[in-house]
Amino acid sequence: MNKKEAIVDTCFFNKLSNEGKNIEAFKKVLNDLEFKPVVHPYISENELSMFPYFNKLVHDGFIRIAEYNEFIVDEDDRELYEQYFFDLYDEMKKYLEIKGGKKQLEELVIPKGQNIFTYRKAGNSLGDVHIILMAFFMRLPIILTEDGDIDSLRSITKRKMASDSYNLDIYNVMDLILMIAKKEDTMFSKKELEKVVLEVKERPRLSEVKQVWNSNH
């Protein structure tokens, strides 16, 4: 089985695994779609490593934590990554200001003695910028997230790092559930898939999933 590596973020992982209460559903959904989950080292260290159920999946080999040297090979790469990081963050800040929504970003000021790989501030989308850059630097085709800001960040990144030979798809939990509902050869039964919908707290979309399933089975 030739699985595609898909970058997974914290909100996606916690939602599909039901905060660790249903790790098997997380594994089964990704296996059914032949996705191999990979995590940015920044996300692992600062967000996910506190969860024992995440660490178990890493230990068991189901989730892979990427190494920085896979996408930052030398000092030139590091400088380019840092330059893009500040540029993308600033563009995202401007975008959110224009959008005028509740979420806004502060000016990015890295404290003395820290850098973009060590600095963390909740609610500032630093992890989102890291994930997008890892995807582009490694040319990974899929990001799995529940964060709506990622789509905007992808658009900004694509303008700055344009490539006709690379395409990035971004999916959330319900996107994957609907993909499975369309599959004829899925590992899930209809009832099992309905149960996952309820466990990820998407009851309002249950009828949509049933309709898609019935149209394809």
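Since the structure is predicted, the reported quantities are computational estimates derived from the model, not experimental observations.

Student: Honestly, a negative patch on the surface in this entry has me stumped. Any pointers?
Tutor: Together, D74, E75, D76 and E79 make up a region of like negative charge exposed at the surface. Here E75 is to be found in helix α5 (residues 75-99).

Student: Help me out: how do you make sense of the nonpolar core in this one?
Tutor: Side chains that are nonpolar tend, in soluble globular proteins, to be buried together. Core analysis: the largest hydrophobic core is formed by 74 residues, its most contacted members being F12, F13, L16, F26, L30, L144 and I177. With nine residues, the top contributor of residues to this core is helix α6 (residues 126-138). For F13, the residues in contact, after removing those within four places along its chain, are V8, I23, F26, L48, Y53, F54, L57 and I63.

Student: Which parts of the structure should I look at to understand the packing of α6 against helix α7 (residues 149-160)?
Tutor: Packed helices, taken two at a time, are described by the angle their axes make and the gap between the axes. Remark: α6 packs on α7, axes separated minimally by 10 Å, with the N-to-C direction vectors making an angle of 50°. Comparing the axis directions of α6 and α7 gives the class oblique. When the axes of α6 and α7 are compared, the crossing they make is right-handed. Note on element contacts: α7 touches α6 through D149, I150, L153, R154, T157 and K158, opposite D128, V129, I132 and F136. A per-class count over the contact of α6 with α7 returns five nonpolar, one polar and four charged.

Student: For this particular structure, what's the right way to read the pattern of salt bridges?
Tutor: For side chains of opposite charge, pairing can occur when their charged atoms come near one another. A full pass over the atoms with the stated rule returns 16 salt bridges. For the salt bridge of D90 with K94, the shortest nitrogen-to-oxygen distance reads 3.3 Å. Taken as a pair, D90 and K94 lie in helix α5 at a separation of four residues, close to a single helical turn. One salt bridge in this structure joins E107 and K93, with 3.8 Å as the shortest N-O distance. Within this pair, whereas E107 is found in the loop between α5 and α6, its partner K93 is found in helix α5, the two being separated by 14 residues in sequence. Judged by relative accessible area, which is 55%, E107 ranks as exposed. Salt bridges linked by common partners bring E5, R64 and E70 together as one network.

Parameters at a glance
Residues numbered from 1 in each chain as written. Predicted model: local features only at pLDDT ≥ 70, side-chain atom pairs only at ≥ 80, totals over all residues. Heavy atoms only, no water. Patch = residues over 30% accessible without salt bridge, like charges linked within 9 Å, V, L, I, M, F, W, Y side chains within 5 Å. Areas by Shrake-Rupley, 256 points an atom, 1.4 Å probe, with all protein chains shown as cover. Salt bridge = Lys/Arg side-chain N within 4 Å of Asp/Glu carboxyl O. Lys, Arg positive; Asp, Glu negative; His and termini not counted. Charge placed at Lys NZ, Arg CZ, Asp CG, Glu CD. Helix = DSSP H or I, 4+ residues; strand = E, 2+ residues; numbered from the N terminus. Core = buried A, V, L, I, M, F, W, Y, C linked by side-chain atoms within 4.5 Å. Buried < 20%, exposed > 50% of the residue type's maximum accessible area, 1.4 Å probe, protein only. Contact = heavy atoms within 4.5 Å. Axes fitted to C-alpha atoms, helices over the stretch in contact; angles between N-to-C directions. Parallel < 35°, antiparallel > 145°, perpendicular 65-115°, else oblique. Left-handed = near helix turned anticlockwise from the far one by under 90°. Nonpolar A, V, L, I, M, F, W, Y, C, P; charged D, E, K, R; others polar.

Everything listed here is a matter of geometry and, on its own, says nothing about what the molecule does.
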